[in-house]
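The chain contents come next:
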Amino acid sequence: MSNLSHTGRDVSGNTRDVSGHTGRDISGHPDADEMRARHDRVISGGRTTAMADAPVFLLGLFCAVSPWVLHFTASQPSLVTHNLVIGIAIAVLALCFTAMPERMTGMSMAIVALGAWLIVSTWVVGQSPDMGVILNNVIVGGLAIVLGAACAGLSMKNKKTT
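None of the values given here were measured: they were computed from a predicted structure. (Residues numbered from 1 in each chain as written. Predicted model: local features only at pLDDT ≥ 70, side-chain atom pairs only at ≥ 80, totals over all residues. Heavy atoms only, no water.)

Engineer: Before we move on, can you summarise the overall build of the protein with the specific residues and values?
Structural biologist: A count of helical and extended segments in the protein gives 5 helices and 2 strands. In sequence order, the secondary structure elements of the protein are arranged as β-β-α-α-α-α-α. The long-range share in the protein, meaning contacts at least 24 apart out of those at least 6 apart in sequence, stands at 56%. (Helix = DSSP H or I, 4+ residues; strand = E, 2+ residues; numbered from the N terminus. Contact = heavy atoms within 4.5 Å.)

Engineer: I'd like a rundown of helix H4 (residues 108–124), residues and numbers included.
Structural biologist: Given a rise of 1.5 Å per residue, 17 residues ought to cover 24 Å, and the 24 Å separating the end C-alpha atoms of H4 matches this to within 8%. At Leu118, H4 shows its strongest bend, of approximately 30°. Those residues of H4 that fall on the buried side of the exposure criterion are Ser108, Ile111, Val112, Leu114, Gly115, Leu118, Ser121 and Thr122. (Expected span 1.5 Å × (residues − 1). Bend = angle between axes of the 7 residues up to and from the residue. Buried < 20%, exposed > 50% of the residue type's maximum accessible area, 1.4 Å probe, protein only.)

Engineer: Go over the confidence of the model for the protein with me, naming the residues and quoting the values.
Structural biologist: Considering every residue of the protein, the mean pLDDT works out to 79; 75% of them sit at 70 or more. The secondary-structure element of the protein with the lowest mean pLDDT is strand E1 (residues 8–9), recorded at 52, while H4 shows the highest, at 92. (pLDDT = per-residue confidence, 0-100.)

Engineer: Account for the nonpolar core, with residues named and values stated.
Structural biologist: If you look at the biggest cluster of nonpolar residues, it comprises 16 residues, and the most contacted ones within it are Val56, Ile86, Ile90, Leu93 and Ile111. Where this core is concerned, the elements lending two or more residues are helix H2 (50–69), helix H3 (77–99), H4 and helix H5 (131–161). With 5 residues, H3 is the largest single contributor of residues to this core. Ignoring sequence-local partners within four residues, the contact set of Val56 consists of Ile90, Ala94, Ile111, Leu147 and Cys151. (Core = buried A, V, L, I, M, F, W, Y, C linked by side-chain atoms within 4.5 Å.)

Engineer: Could you give an account of the side chain of Ser121, naming the residues involved and the relevant values?
Structural biologist: Note that Ser121 resides in helix H4. Of note is the side chain of Ser121, whose polar atom sits 3.1 Å from the backbone oxygen of Leu118. Among residues more than four places away in sequence, those in contact with Ser121 are Leu79, His82 and Gly126. (Polar contact = N/O pair within 3.5 Å; in protein donor to acceptor, adjacent residues only side chain to side chain.)

Written out as structure tokens, the structure is:
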């Protein structure tokens, strides 16, 4: 494997990198202030929704597989496709919040809207759903509303502090 560090030796024998910085102490590096500021932004900013992203992702996965878990694939074929698509959409939104939280703050309310639609769609898309299907979609939709509102609130709070 090749050495990609681009270090060399100066006249006094100290190692130096391509910026001319010698030694291991970063304080003498020409971009030290910018690197510290970037590090502080990454660590402190934009990640306040991280604790809500994992439950939203798991909720989306459960919504997607719930027709097979609760065995309503035969009785409600239209809700099977519907729950699969809505669950994948919720899970993808959660992954996007995790990957790019600063760019997804405006999309936090989309989870709330998907949760509300999941509750209503039980009777709109389904054909006389039984109590198990109703409870599943109402509980999953309610959790999506609560978690989506939490993500939206945290992202709004984060926007005000930055």
